[in-house]
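As a plain string of letters, each chain reads:
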Amino acid sequence: MSTDVKRITHLVGGAPWTGVAERTSKVYNPATGAVTGELDLASSATVDEVVKVAHEASRGWAQTSVSKRTQVLFAYRELVNQRKEQIAALITAEHGKVLSDALGEVTRGLEVIEFACGIPHLLKGGFSEGVSTKVDVYSIRQPLGVCAVISPFNFPAMVPMWFVPIAVACGNSVVIKPSEKDPSAANAMAELWKEAGLPDGVVNVLHGDKEAVDRLLEHPDIKSVSFVGSTPIAKYVYETGTKHGKRVQALGGAKNHMVVLPDADLDLAADAAVNAGFGSAGERCMAISALVAVEPIADDLVDRIKQRMGTLKTGDGTRGCDMGPLVTGPHRDKVVGYVEAGVTEGAELTVDGRETEIEGGADGFWLGPTLFDKVTPEMSIYTDEIFGPVLSVVRVASYDAALDLINSNQYGNGTAIFTNDGGAARRFQNEVEVGMVGINVPIPVPMAYYSFGGWKNSLFGDTHAHGTEGVHFFTRGKVVTSRWLDPSHGGLNLGFPTHD
Ligand code: NAD
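Residues numbered from 1 in each chain as written. Predicted model: local features only at pLDDT ≥ 70, side-chain atom pairs only at ≥ 80, totals over all residues. Heavy atoms only, no water.

> Please give an account of the pattern of salt bridges that cites residues and values.
Per the stated rule, a full pass over the model turns up 29 salt bridges. Notably, a salt bridge pairs R7 with D40, separated by 2.6 Å at the nearest N-O pair. Here R7, found in strand β1 (residues 6–8), pairs with D40, found in strand β5 (residues 34–41); they are 33 residues apart in sequence, far enough to count as distant. With a relative accessible area of 42%, R7 lands in the partly exposed category. The structure contains a network of salt bridges with shared partners spanning D267, D271, D300, R304 and R308. (Salt bridge = Lys/Arg side-chain N within 4 Å of Asp/Glu carboxyl O. Helix = DSSP H or I, 4+ residues; strand = E, 2+ residues; numbered from the N terminus. Buried < 20%, exposed > 50% of the residue type's maximum accessible area, 1.4 Å probe, protein only.)

> How would you summarise the domain arrangement of the protein if you had to cite specific residues and measurements?
One frequently used descriptor of interface size is the decrease in accessible area upon assembly of the parts. Along its sequence, the protein is organised into domain 1 (43–252 + 458–480) and domain 2 (256–439). Placing the centre of domain 1 and that of domain 2 at their C-alpha centroids yields a distance of 32 Å. Opposite the 14 residues of domain 1 that make contact, domain 2 presents 19 residues. Where domain 1 abuts domain 2, roughly 1400 Å² becomes buried across the two surfaces, and 60% of that area is made up of carbon and sulfur atoms. Across the contact surface, domain 1 and domain 2 share one salt bridge. The salt bridge involving D101 is made with R284; its shortest N-O contact spans 3.5 Å. Applying the counting rule to domain 1 against domain 2 returns six residue pairs in polar contact (both at pLDDT 80 or more). Tallying contributions element by element places helix α3 (residues 84–95) first for the side of domain 1 that touches domain 2, with three residues. (Domains from an automatic or database assignment. Contact = heavy atoms within 4.5 Å. Buried area = accessible area lost by both parts, 1.4 Å probe. Polar contact = N/O pair within 3.5 Å; in protein donor to acceptor, adjacent residues only side chain to side chain.)

> Quick rundown of a positive patch on the surface? Include the residues and the values.
Taken together, K223, R247, R476 and K478 make up a surface patch of like positive charges. With respect to the helices, strands and loops of the structure, R247 is situated in strand β12 (residues 247–251). (Patch = residues over 30% accessible without salt bridge, like charges linked within 9 Å, V, L, I, M, F, W, Y side chains within 5 Å. Areas by Shrake-Rupley, 256 points an atom, 1.4 Å probe, with all protein chains shown as cover. Lys, Arg positive; Asp, Glu negative; His and termini not counted. Charge placed at Lys NZ, Arg CZ, Asp CG, Glu CD.)

> Could you give an account of the nonpolar core, naming the residues involved and the relevant values?
One finds Y76, V80, I87, W162, V164, V168 and W193 to be the most contacted residues of the largest nonpolar core, which totals 63 residues. It is helix α6 (residues 158–169) that contributes the most residues to this core, 10 residues altogether. Within the second largest apolar cluster, 59 residues are counted, among which are V302, V351, A424 and V432. (Core = buried A, V, L, I, M, F, W, Y, C linked by side-chain atoms within 4.5 Å.)

> Just give me the short version of empty space enclosed by the protein, but keep the residues and values in it.
Empty space left among the atoms is revealed by rolling a probe the size of a water molecule over them. Applying the stated rule across the entire model yields three cavities of 30 Å³ or more. The volume enclosed by the largest cavity comes to roughly 110 Å³. Together, 15 residues line the largest cavity, and G282, R284, A287, S289 and F387 are the ones closest to its centre. Within the lining of the largest cavity, the residues separate by chemical class into seven nonpolar, five polar and three charged. (1 Å grid on protein atoms, 1.4 Å probe; cavity = no way out; pocket = protein on both sides within 12 Å on 5 of 7 lines; lining within 4 Å. Points joined across faces, edges and corners; volume = space filled by probe spheres on them. Nonpolar A, V, L, I, M, F, W, Y, C, P; charged D, E, K, R; others polar.)

> Just give me the short version of the site of the ligand, but keep the residues and values in it.
In the vicinity of the ligand, 27 residues are found, and the nearest of them are K177, E180, S230, G252 and E385. Within the contact set of the ligand, an oxygen atom lies 2.7 Å away from a side-chain nitrogen or oxygen of K177. With respect to the ligand, the backbone of G252 contributes an N or O atom lying 2.7 Å from a nitrogen atom. Protein contact buries 88% of the 850 Å² of open area that the ligand shows by itself. Of all the elements in the fold, those that place two or more residues in the shell around the ligand are α8 (210–218) and β11 (222–228). Its residues assigned to classes, the shell around the ligand shows 14 nonpolar, eight polar and five charged. Each of domain 1 (43–252 + 458–480) and domain 2 (256–439) contributes no fewer than three residues to the shell around the ligand. (Near = heavy atom within 4 Å.)

> Describe the pairing of strand β18 (residues 370–373), naming the residues involved and giving the relevant values.
Judged by which residues are buried, β18 turns out to be covered on both faces: T370 and F372 on one side and L371 and D373 on the other are all buried. Bridge analysis of β18 against strand β19 (residues 390–396) gives three bridges, and the strand direction is parallel. Counted as the bridge partner of L371 is L391 from β19. (Pairing = 2+ DSSP bridges.)

> Explain the environment of D404 to me, using residue names and the numbers behind them.
Positionally, D404 belongs in helix α14 (residues 399–407). On the basis of relative accessible area, D404 is assigned to the exposed category, the value being 52%. Considered as a pair, D404 and V432 are 28 residues apart in the sequence and their alpha carbons are 8.8 Å apart.

> Go over the packing of helix α2 (residues 66–82) against α3, please, and point to the residues and values.
Relative to each other, α2 and α3 sit at 60°, their axes nearing to 5 Å. Judged on the interaxial angle alone, α3 and α2 are oblique. Touching V80, N81 and Q82 of α2 are K84, Q86 and I87, all from α3. (Axes fitted to C-alpha atoms, helices over the stretch in contact; angles between N-to-C directions. Parallel < 35°, antiparallel > 145°, perpendicular 65-115°, else oblique.)

> Break down the packing of helix α4 (residues 99–116) against α6 for me, with residues and values.
What describes two packed helices is the angle between their axes and the distance between those same axes. It is at 8 Å that the axes of α4 and α6 come closest, and there the two elements cross at 15°. When the axis of α4 is compared with that of α6, the two are roughly parallel. The way α4 lies across α6 gives a crossing that is right-handed. Listed contacts from α6 to E105, R108, G109, V112, I113, F115 and A116 of α4 are M158, M161, W162, P165, I166 and A169. Partitioned by chemical class, the residues of the contact of α4 with α6 number 10 nonpolar, one polar and two charged. (Left-handed = near helix turned anticlockwise from the far one by under 90°.)

> I'd like to hear about the sheet that holds strand β25 (residues 475–483), residue by residue, with values.
Read across the sheet, three strands follow the order β6-β7-β25 without closing on themselves; strand pairing throughout is antiparallel. Looking at strand neighbours, the two that pair on one side only are β6 (127–132) and β25, the edges of this open sheet. On average, adjacent strands in this sheet sit at an angle of 30° to one another, irrespective of strand direction. The sheet contact formed by β6 and strand β7 (residues 135–143) spans three bridges and is antiparallel. Considered in β7, the bridge of F127 is made with Y138.

> With reference to specific residues and values, describe the sheet that holds β5.
A sheet is described by the order of its strands in space; here three strands give the open sequence β1-β5-β4, paired in mixed fashion. Either end of the sheet is taken by a strand with one partner, and the two such strands are β1 and β4 (23–29). Each neighbouring strand pair of the sheet contributes to a mean axis angle of 30°, computed without reference to strand direction. Relative to β5, β1 runs parallel, the two being bridged by three bridges. By the bridge assignment, R7 is partnered in β5 with E38. Strand contacts of α3: β1 and β4, with the helix running at about 100° to β4, the strand carrying the most contacts.

Here's what the structure looks like:
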């Protein structure tokens, strides 16, 4: 291993793992194409080792008072806030997104930590006094034990943060299995828990691929699985995890549509389409990839988008560009394959990202912003999740046709409508079969105190991430029915002194 290539390993019981990995994988800087890390991939035996540590830590943590847990959460929030620039730099170095996007993702993660700081209020149960003679009923919520979090490459800090602070605040321990493409941010964020006063072993990071995930899915001491990634793997994780008796929330892929009605502010819509289509090189589960232009505005809207695309700078995320590279060489090649397919299938290639001038290393994984017009629903650039900087304009004749398109799509993660007609917007929010809806907002990511999740093939399970649904996911409800007879009234003689 060259000295420029760092070893990245699991974080177990508050310290780096000291074993020797049987398998490793390479981590790249996507802006240069250089190998920067060698990542240990866990075997099933290593998974067992890490889960054992987490399981042992979970007992003590579950019994730690809510006040003490809250103090740790507040301290953790401060530490992440202080180190957010360093964490953002790690994200840019391995994912490629520009620094401002990386910082934005850490900020969204911080919001979930802040939400979890309110756990004393969130864990309050109900109490009914005197439901029968001397009988009271009350509800409590208790931790599950060890929770697994399996995350994708595209938000290496934020997605783990959707789950980890809430799971910890609820009294669980956690094993995080980050994407093997950009693993360092998860380690950096997990290390801060120790500094915040969290007992060792409550938060652990386990690196690996299918072998590690499969063992987590069947391990008897893993009680829940929170997964985020592509739809086929989300479905597999949901089916396998639930078959082994775990509660599972598995968030999958997306094809997000943005509808522009003829009365919309077209400058606002064009700005939104460019930001939501090409931000983070389109590698966002809430990116807009299908722009549905309701005629007669399509020509005008496409012109405005094209004009704005001309001002975007694509290049190294550390150099003040608007858009960075794709995450890996194979992923870039796959996205370029879709551009070729779009041309073959007859869509109009309005802006060709293969010709974009790049401000970055010659061996980086580049593709500039790409715009297709006159895309039709049977083309692969419309049916498939491309997960790159490719925006497809579909022209339709009416609101109803736009709605039909969205509701017949297999995905239902996010969507947006641009209009100045409140009645049309209200109808859309009611009729559209999608989990997160924006009105003149292209990327409607819910705040941490609401819950994040899609419909249809964008989510398997019934609990969305964070918000009160997150608290419910990471706790089990218990209802106590109690009868206490009054010793002074001839009930039980427990030897209490009487005062009458
Ligand atoms: P991915 O499905 O390839 O990987 C996700 C996780 O699953 C990783 O930790 C990976 O190691 C693991 N994994 C991969 N193949 C596996 C297999 N065969 N068996 C078991 N585990 C496996 O996803 P990705 O490429 O890292 O991320 C991009 C995808 O994630 C896109 O589809 C995107 O839409 C989706 N995503 C969805 C949301 C959401 O909220 N719905 C958020 C972010 C990303």
